[in-house]
Amino acid sequence: MKFLFKQHRGYESDHTQFIKSLKEQNPAIEQGQREGRALLWDKAPLSLDERARQRDSAIKQQAYVYQNKL
């Protein structure tokens, strides 16, 4: 099986080549990606009081949202 891997060791897909060329043309893309990630995902952990406040203020939904209330 080793002979299969040697043949494809230097292979790069068209997508990988496109992304690499895009990053070479515009090096600020990676910084923009990091800033976008920080806005959406990298957040400070919530305190226990804040978690309790969010849990208590959440609106309770019925099991099937589209069913009329009985």
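By convention here, each chain's residues receive numbers from 1 onward along its written sequence. The predicted origin of the model limits local features to residues at a pLDDT of at least 70 and limits the giving and counting of side-chain atom pairs to 80 or more, whereas totals for whole chains, interfaces and linings rest on all residues. Water and hydrogen atoms were dropped before computing side-chain values, which therefore reflect all heavy atoms in the structure.

So what's going on with the confidence of the model for the protein? Residues and values would help.
Confidence of the predictor in every single residue is expressed as pLDDT, which spans 0 to 100. Averaged over the protein, the pLDDT score is 85; the fraction of residues at 70 or greater is 89%. Numbering of helices and strands starts at the N terminus; helices are DSSP runs of H or I of at least 4 residues and strands are runs of E of at least 2. Averaged pLDDT values for the elements of the protein fall to 62 in helix H1 (residues 2-7) and rise to 94 in helix H2 (residues 14-25).

Tell me about a nonpolar patch on the surface, and please be specific about residues and values.
Together, Phe18, Ile19 and Leu22 give the surface a local cluster of nonpolar side chains, amounting to about 260 Å² of exposed area. Inspection of the secondary structure assignment puts Ile19 in helix H2. For patch detection, residues must exceed 30% relative accessible area and be free of salt bridges, and they are connected within 9 Å for like charges or within 5 Å for nonpolar side chains (Val, Leu, Ile, Met, Phe, Trp, Tyr). Accessible surface is estimated by sampling points in the Shrake-Rupley manner with a 1.4 Å probe; for residues, cover comes only from the protein chains shown. Salt bridges are defined by distance alone: a side-chain nitrogen of Lys or Arg within 4 Å of a carboxyl oxygen of Asp or Glu.

Residue-level account of the packing of aromatic side chains, with values.
Only the six-membered ring of Trp is used, alongside the rings of Phe and Tyr, when aromatic pairs are assigned; centres must lie within 6.5 Å, and planes under 30 degrees apart are stacked while those over 60 apart are edge-to-face, with the rest tilted. As enumerated under the stated definition, the model contains 1 aromatic pair in all. Judged by centre distance (5.9 Å) and plane angle (70°), the rings of Tyr64 and Tyr66 are edge-to-face. Like Tyr66, Tyr64 is exposed. Per-residue accessibility, obtained with a 1.4 Å probe over protein chains only, is compared with the maximum for each type, and a residue is labelled buried under 20%, exposed over 50%, and partly exposed between these values.

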